[in-house]
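# Structural characterization, general
This is what each chain is made of:
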Amino acid sequence: ARRLELAPYFDHFRKMAKDSGVAYEIVVIGASNPAKTIIEQAELRQAGVILMGRHGKTGRLSLLVGRMTAKVLDLGFPRVLVVPKDFIISGAPRILVATDYSTGGQKAVDEAISLVRKNCTLQQLTVISVAKRQQDMPDVQKIVDATCLRIRQIGAQIACEPIIQTGEPAELIVQAARQRQIDMIIIGGRGKRGMTRKLLGQVTENVTGGAPCAV
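The text that follows walks through the structure, step by step, so that each part is easy to find. The structure displayed is predicted, hence computed values, not measured ones.

Below, the discussion takes up helix H6 (residues 137-153). Helix length check: H6, at 17 residues, gives a terminal C-alpha distance of 24 Å against a target of 24 Å (1.5 Å per residue), a fit within 8%. Where H6 is concerned, the buried positions are Met137, Val140, Ile143, Val144, Thr147, Cys148 and Ile151. In a view along the axis of H6, the buried residues occupy a sector of 125°, so they form one face of it. Residues of H6 that are exposed and point over 90 degrees away from its buried face: Lys142, Arg152 and Gln153. Those residues of H6 that are buried are in contact with helix H5 (103-118), strand S4 (124-131) and strand S5 (159-166). At the exit of H6 stands Gly155, carrying a positive phi of roughly 75°.

Throughout the structure, instances matching the rule amount to nine salt bridges. Residue Asp11 pairs with Arg14 through a salt bridge whose shortest N-O separation is 3.0 Å. Of the two residues, Asp11 and Arg14 are both situated in helix H1 (residues 2-20); the distance of three residues between them amounts to about one turn of the helix. Exposure remark for Asp11: the relative accessible area of 48% places this residue in the partly exposed category. Judged by relative accessible area, Arg14 falls into the partly exposed class, the value being 30%. With a closest N to O distance of 3.1 Å, Arg150 and Asp110 form a salt bridge.

Bringing the nonpolar core into the picture now. Of all hydrophobic cores here, the largest spans 39 residues; its most connected members are Leu96, Val97, Leu125, Ile128, Ile173, Ile185 and Val207. Elements supplying a minimum of two residues to this core: strand S2 (80-84), strand S3 (94-98), H5, S4, H6, helix H7 (169-179) and strand S6 (184-187). Sorting elements by how many residues they give to this core places H7 first, with six residues. Discounting residues that sit within four places of it in the chain, Leu96 has contacts with Thr126, Ile128, Ile173, Ala176, Ala177, Ile182, Met184, Ile185 and Ile186. Counting residues in hydrophobic clusters, the runner-up holds ten residues, among them Ala35, Ala42, Ile50 and Val80.

Within the element layout of this structure, Arg2 appears in helix H1. On a C-alpha basis, the gap between Arg2 and Gly30 in space is 10.0 Å, while along the polypeptide they are 28 residues apart. A distance of 2.8 Å separates the side chain of Arg2 from the side chain of Glu5, its partner in a polar contact.

A word on the packing of aromatic side chains. Tallying each qualifying case throughout the model produces one aromatic pair. On the numbers, 6.4 Å between centres and 50° between planes, the contact of Phe10 with Phe13 is tilted. Here Phe10 pairs with Phe13, and both are found in helix H1, just three residues apart, close to one helical turn. Classification of Phe13 as partly exposed rests on a relative accessible area of 42%.

Let us look at unusual backbone geometry. The phi angle at Asp86 is positive, at roughly 70°, despite the residue not being glycine. Mapping Asp86 onto the fold places it in the loop between S2 and S3. Despite not being glycine, Gln181 has its phi angle at roughly 50°, a positive value. Relative to the assigned elements, Gln181 resides in the loop between H7 and S6.

Thresholds, definitions, all that
- Each chain has its residues counted from 1, running along the sequence as written.
- Predicted model: local features are reported for residues with pLDDT of at least 70 only, side-chain atom pairs are reported and counted for 80 or more only, and whole-chain, interface and lining totals are derived from all residues.
- For the side-chain quantities, the full set of heavy atoms in the structure was used; hydrogens and water were omitted.
- Counting from the N terminus, the helices are the DSSP runs of H or I reaching at least four residues and the strands are the DSSP runs of E reaching at least two.
- Every helix has an expected span of 1.5 Å times one less than the residues it contains.
- Each residue gets one of three labels from its accessible area relative to the maximum for its type: buried under 20%, exposed over 50%, partly exposed in between, using a 1.4 Å probe on protein chains only.
- Here the arc refers to the directions that run from the helix axis out to each C-beta atom.
- Note on contacts: a residue pair is in contact if any heavy atoms of the two residues lie within 4.5 Å.
- Salt-bridge detection follows one rule: a side-chain nitrogen of Lys or Arg within 4 Å of a carboxyl oxygen of Asp or Glu.
- What makes a nonpolar core is a set of buried Ala, Val, Leu, Ile, Met, Phe, Trp, Tyr and Cys residues whose side-chain atoms join them at distances within 4.5 Å.
- Here a polar contact is taken to be a pair of N or O atoms separated by no more than 3.5 Å, where protein atoms must pair a possible hydrogen donor with a possible acceptor and residues adjacent in sequence count only if both atoms sit in side chains.
- Stacked, tilted and edge-to-face pairs are distinguished by plane angle, under 30 degrees for stacked and over 60 for edge-to-face with tilted covering the rest, among Phe, Tyr and Trp rings (Trp via its six-membered ring) whose centres lie within 6.5 Å.

Below is the structure:
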C-alpha cells in the first residue's frame, strides 16, 4: 500500500533524472529498522553521501529534522547532508565551515578543502570558530588562521573570511549562516560508527536542527 502511495513521487523523480541525464535507482525495502537499512543500502552502493530532509523550526533535533533523519545521523555515516524543507542547493557558492580542535572539527576542514578543490561554483568560504570563554580566543584565532592559510596554499581563487566569536557556538554559527546567506554549513560529528550511544555533539545537533541551509 505504501509503495502505491509513493508511485507518483517516484514518477516525478524518474522524470527529473531523465531530463538531467542522471543515472538513478529507486529501491523500496520493508524493514523493522529503517535507519539502519538506509545505512546498509548506502554502504552496499558505496555511496559518498546520504541526503535527507529536515522539517520544523523549533524543538529537539528529532522534532526538527524528523525521527528518521535523526536516527541516521546517530548511526555515524561518514557524510550525511541534511536539507531543510523548501531549500534548494544550487551549486553551493557560499559555504561556511565550523571548526575547533576536535577530530570532527578538523575533518570538517578537510571536507571543506576537498570541496574547494572540486567545486567550480564556490565563491566564498567562511571559517568560523567559537570560544565559550574570552581567554580561549587566542587558540580559536590560531584555528581559523591555520584553516585560511591552508586554503591559500592550495591556490584557490576564492575569498576566505575568518570569524572568531565568544558565546553559544550553535547560535552564533546559525546566525553567521543567516547573515551571509550561506548555502551549506560543514560541521563535524562526534563518536564512531556502530556505537549505540548518541554520536553527535550538542552543537552539531543544534546547528543541524536550526540552520537556514543545508548542513
